[in-house]
Amino acid sequence: MSGPLVLGIETSCDETGAGLVRGQELLADAVASSVAEHARFGGVVPEVASRAHLEAMVPAVDRALATAGVALSEVDAIAVTAGPGLAGALLVGVCAAKAYALALGKPLYGVNHLAAHVAVDQLEHGPLPAPAMALLVSGGHSSLLLVPDLAQEVVPLGATIDDAAGEAFDKVAILLGLGYPGGPAIERLAAAGDPERYRFPRPLVAAGFDFSFSGLKTAVLRAVRASPNLEADRPHLARGFQDAVFDVLLTKLDRALALTGHRAAVLAGGVACSRTLAALAAARFAGRARVIVASPRLNADNAAMIARAGAYRLAQGERSDWSLDVRADLPLPGLERSVPTLGAPS
């Protein structure tokens, strides 16, 4: 093993993560989830998440160090999620990272959570092809990203204008009586559903790169209320909803690949843990583009991705100063640049 040892800290939402990466090798990834604490509310409660991060931070870091078999004094740099995410939760992580960096006398690196989701795949599949497209879908984000060079910039082409895909899954799961989180439960139920029974709308599918799932969620709500036998219809409703979401996501990605001519597509984020989505993407782009999907443990929120993205910044000779602050809507690197014109959408 060679290269600097980077400790990553992730607290953007409901999971406290501490990860250790050396170069492109993952040494440890400790996660403490507060999902169970949020389940009774049907979604993430920011104050509950922040308190959970406070309690879990030091144990998570200690567990990561023990797993990697290294001492805290051996860490060369500290990377932390600076945004986007829940402001209070982010503050816990950034304050902890500053404390560790100051105590160790090591450099500090603020990391964009979205760019990190793309960077983490290299821990499994090696360097990303350049250029590539990335479809990032999670509970808080639905983004289509142009990745000319991950070390230099990640340019957003489109994003959600209301509910993110994962958020829509969670809300529809509640409508169907499946609880929280919703993605895995809906995927299991949809496997027994009839794809022709419910054909839900595909919002914004015909143009552009932005996403909207709020109207789709409302369509499912109406279908649930109109169902004469919800117990019998539940698998078909789940299948119709899931098909609609995945159709929109992959149609947008297909459009971007066609207009750019890129030959690689990265699926990232918690929704990309879906085996169904990965299989549909592989079939749709067979012979046209390589589909790259990290394992579920790396696609879900984790600190390994923060450590890997921090290693990028370190390699570029950058570092954050002590004024590093959080930003709930932190834009991606490259957002201030002109977004390439890809032509009129078909």
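Each chain has its residues counted from 1, following the order in which its sequence is written. Residue-level local features of this predicted model are given only where pLDDT is at least 70; pairs of side-chain atoms are given and counted only at 80 or more, and the full residue set underlies all totals for whole chains, interfaces and linings. Excluding hydrogens and water, the side-chain figures rest on all heavy atoms present in the structure.

Enquirer: I keep staring at unusual backbone geometry and nothing clicks. Help me out?
Expert: For residues besides glycine, phi is generally negative; the peptide bonds are generally trans as well. The omega torsion across glycine 83 and proline 84 is -10°, close enough to zero to call that bond cis. Within the fold, proline 84 resides in the loop between strand E4 (77-83) and helix H3 (87-104). A cis amide bond links alanine 130 with the next residue in sequence, proline 131, at an omega value of 0°. Tracing the backbone shows proline 131 in the loop between helix H5 (122-125) and strand E6 (132-137). One non-glycine residue, leucine 204, adopts positive backbone phi at about 60°. Helix and strand definitions here come from DSSP, where helices need a minimum of 4 consecutive H or I residues and strands a minimum of 2 consecutive E residues; each element is numbered from the N-terminal end. Along the polypeptide, leucine 204 turns up in the loop between helix H7 (183-190) and helix H8 (214-226).

Enquirer: Just to check I follow, could you spell out the pairing of E6 for this structure?
Expert: Along any regular strand, the residues point their side chains to alternate faces of the sheet. Any residue under 20% of the maximum accessible area for its type is buried, any over 50% is exposed, and the rest in between are partly exposed; the area is computed with a 1.4 Å probe on protein chains only. Most of E6 is tucked away, with six of its six residues classed as buried. Of the two faces of E6, the one holding Ala132, Ala134 and Leu136 and the one holding Met133, Leu135 and Val137 are both buried throughout. For two strands to be treated as a pair, DSSP must find at least two bridges joining them. Looking at chain direction, E6 and strand E7 (residues 142-149) are connected through six bridges and run antiparallel. Directly across from alanine 132, in E7, lies its bridge partner valine 147.

Enquirer: I keep staring at the environment of alanine 304 and nothing clicks. Help me out?
Expert: With respect to the secondary-structure elements, alanine 304 resides in helix H12 (residues 304-315). Linking alanine 304 and alanine 294, residues 10 residues apart in sequence, is a C-alpha distance of 12 Å. Only heavy atoms matter for contacts: two residues are in contact if any of them lie within 4.5 Å across the pair. Residues within four places of alanine 304 in sequence aside, it is in contact with Gly19, Val21, Leu26, Asp29, Val120, Leu123 and Leu298.

Enquirer: Would you mind showing me how to read the pattern of salt bridges here?
Expert: Oppositely charged side chains are able to pair whenever their charged atoms sit close together. Counted as salt bridges are all cases of a side-chain nitrogen of Lys or Arg within 4 Å of a carboxyl oxygen of Asp or Glu. Tallied over the full model, the rule gives 13 salt bridges. With a shortest N-O distance of 3.0 Å, aspartate 163 and lysine 217 are connected by a salt bridge. Placement of the pair is aspartate 163 in the loop between strand E8 (153-159) and helix H6 (165-175) and lysine 217 in helix H8, with a sequence separation of 54 residues. No difference in accessibility class separates aspartate 163 from lysine 217, as the two residues are buried. The partner of aspartate 329 in a salt bridge is arginine 327, and the shortest N-O contact between them spans 2.7 Å. Members of the salt-bridge network, linked through shared partners, are Arg202, Asp247, Asp254, Arg284 and Arg288.

Enquirer: What is the right way to read the environment of glycine 110 from this model?
Expert: Relative to the helices and strands, glycine 110 is located in strand E5 (residues 108-112). Note on glycine 110: relative accessible area 12%, which makes it buried. Discounting residues that sit within four places of it in the chain, glycine 110 has contacts with Val80, Ala82, Arg313, Ser320 and Leu324.

Enquirer: Looking at this structure, how should I read the packing of H7 against helix H9 (residues 230-260)?
Expert: What describes two packed helices is the angle between their axes and the distance between those same axes. A fitted line through C-alpha atoms represents every axis, and for helices the fit uses only the stretch in contact; the resulting angles, taken between N-to-C directions, go from 0 to 180 degrees. One way to put it is that H7 packs onto H9 with a least axis distance of 8 Å and a crossing angle of 115°. Taken together, the axes of H7 and H9 are roughly perpendicular relative to one another. Like other packed secondary-structure pairs, H7 and H9 cross with a definite hand, here left-handed. Together, Ile186, Glu187, Leu189 and Ala190 of H7 and Arg234, Pro235, Ala238, Arg239, Phe241 and Gln242 of H9 make up the contact between the two elements. Here the nonpolar group is Ala, Val, Leu, Ile, Met, Phe, Trp, Tyr, Cys and Pro; Asp, Glu, Lys and Arg are the charged ones; every other residue, Gly included, is treated as polar. Taken together, the residues of the contact of H7 with H9 sort by class into six nonpolar, one polar and three charged. Roughly parallel here means an angle under 35 degrees, roughly antiparallel means over 145, roughly perpendicular means 65 to 115, and every remaining angle is called oblique. Should the near helix be turned anticlockwise from the far one by less than a right angle, the crossing is termed left-handed; should it be turned clockwise, right-handed.

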